[in-house]
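Architecture and fold: a report
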There are 2 protein chains.
Amino acid sequence: MTECLTGPVGNPTNFASLSLSRRVGFLSYKLTQILLHTFEERLAAVKLTTRTYFMLSAIDREPPLSQQELSRLIGVDPTTVVALVDDLEQLGYVKRSRNRSDRRRHDLLLTAAGRRNLAAAHRVADEVEAEIFSPLTAAERDTYADLTRKVLANHWPA
Amino acid sequence: MTECLTGPVGNPTNFASLSLSRRVGFLSYKLTQILLHTFEERLAAVKLTTRTYFMLSAIDREPPLSQQELSRLIGVDPTTVVALVDDLEQLGYVKRSRNRSDRRRHDLLLTAAGRRNLAAAHRVADEVEAEIFSPLTAAERDTYADLTRKVLANHWPA
DNA sequence: TATTGTTATACTCTATAACTATA
DNA sequence: TATAGTTATAGAGTATAACAATA
């Protein structure tokens, strides 16, 4: 779906030359591309990606979470979740444990190392945000966030 | 890099439950995800993707463009560009033609059908933007665009 | 009979390297 | 020697289907 967001951020000239810069949607897209690119680059230090960061965040936030629940929560295929949990378990960030009342379920829990690295990832997110949005004043940043929330409220009824 | 943007938009609950909604970066990310998802869905009607839409836009904007130039412009691997131009040529949207002064180059040009479908894609982009940003007033939309440009100016020196 | 987790498999997408033709 | 284009091939990522265990 989003092959363009993959790969390098690309030549700055395309910003102007594609003549898409008047499109507010393209501006959003470009900003997100830069945000993600920077974030993933720094996140490599704790051996995480945006997606595994979301997974750890969810597991931390709503324990105990089954793999199916996690799958639905972040919109990732169940089989992919299995593979990713395998990776996170091998990294020592996550532990599977059989649910006692429903022995089909694997409850997902963070290990101490998982909590440590999730905290580090949160710090990376803070840093990157501060850096990318540094051209804005605090008030402007709030305005930007409020407007974005207003748009999302209509399409993402949380 | 952005596996999370792939696939379905996911369960709305994650917006709140991931506790990331306070992060302005996450808000940007979510908005872009919804924008892209909606855009690609509608773009299927003209057999294009976000990436091939960018390609057609670039070819339209800066003819004659070689495949290498296009590759650098949109930050996509040259071999991938070859495959994608193959697709676009098969769709009848693009024509390759040998450059006379440098016979190594293939100049890329839009066909009539290519121009027609690019115009249709532009209309789709307009529609989707109008729809997604409909919760904002015109003034708010301008503010949003201005703030985004201000952020980008620092990281994307066009 | 439905659900959770898993594996095996196929499919798509992308990148690497090697080749050709031109410069 | 370098560049534009191409092809072949291998790798990663993802999804589909089938299966085991449990409800």
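Residues numbered from 1 in each chain as written. Chains lettered and ligands numbered in written order. Predicted model: local features only at pLDDT ≥ 70, side-chain atom pairs only at ≥ 80, totals over all residues. Heavy atoms only, no water.

Chain A is annotated in an unreviewed UniProt entry as Transcriptional regulator, MarR family of Acidothermus cellulolyticus.

**Considerations on helix α6 (residues 112-132) of chain B**
For the record, the criterion: Numbering of helices and strands starts at the N terminus; helices are DSSP runs of H or I of at least 4 residues and strands are runs of E of at least 2. Working rule for helices: expected span equals 1.5 Å times residues minus one. Categorising residues by exposure relies on relative accessible area from a 1.4 Å probe, with only protein chains included: less than 20% of the type maximum marks a residue as buried, more than 50% marks it as exposed, and the intermediate range marks it as partly exposed. Residue contacts are counted whenever heavy atoms from the two residues lie within 4.5 Å of one another.
For α6 of chain B, built from 21 residues, the straight-helix expectation of 30 Å at 1.5 Å per residue is met to within 8% by its first-to-last C-alpha distance of 30 Å. For α6 of chain B, every residue scored as buried is listed here: A113, G114, N117, L118, A120, A121, V124, A125, V128, E129 and I132 of chain B. Taken together, the buried residues of α6 of chain B touch α2 (24-43) and α7 (138-155) of chain A together with α2 (24-43), α3 (50-61) and β2 (106-110) of chain B.

**A few points about the packing of aromatic side chains**
Rules: Ring geometry is summarised as follows: Phe, Tyr and Trp rings, the Trp one being its six-membered ring, pair when their centres sit within 6.5 Å, and such pairs are stacked at plane angles under 30 degrees, edge-to-face over 60 and tilted between the two.
Following the criterion strictly, the structure yields 13 aromatic pairs over all chains and no others. On the numbers, 5.3 Å between centres and 70 degrees between planes, the contact of F39 of chain B with Y53 of chain B is edge-to-face. With F39 of chain B in helix α2 and Y53 of chain B in helix α3, the pair connects residues that are 14 residues apart, well separated along the chain. For Y53 of chain B, a relative accessible area of 3% gives the class buried. Grouped by ring-pair contacts, the aromatic residues F26 and Y29 of chain A together with F39, Y53 and F54 of chain B constitute a single cluster.

**Observations concerning the layout of surface pockets**
Residues and elements named next belong to chain B. The condition that has to hold: Points on a 1 Å grid over protein atoms alone make up a cavity when a 1.4 Å probe fits among them but cannot get out, and a pocket when they form an open set with protein on both sides within 12 Å along at least five of seven lines; lining residues each have an atom within 4 Å of a point. Grid points are joined across faces, edges and corners, and a volume is the space filled by probe spheres set on the points. Amino acids outside the nonpolar list (Ala, Val, Leu, Ile, Met, Phe, Trp, Tyr, Cys, Pro) and the charged list (Asp, Glu, Lys, Arg) are all regarded as polar, and Gly is one of them.
Taken as a whole, the largest pocket spans an internal volume of roughly 170 Å³. As for the largest pocket, its lining consists of S66, Q67, Q68, E69, R72, P78, V82, R104, R105 and H106. When contributions to the lining of the largest pocket are tallied by element, the ones reaching two or more residues are α4 (67-74) and α5 (78-90). It is α4 that contributes the most residues to the lining of the largest pocket, four residues altogether. Classifying every residue of the lining of the largest pocket by side-chain character gives two nonpolar, four polar and four charged.

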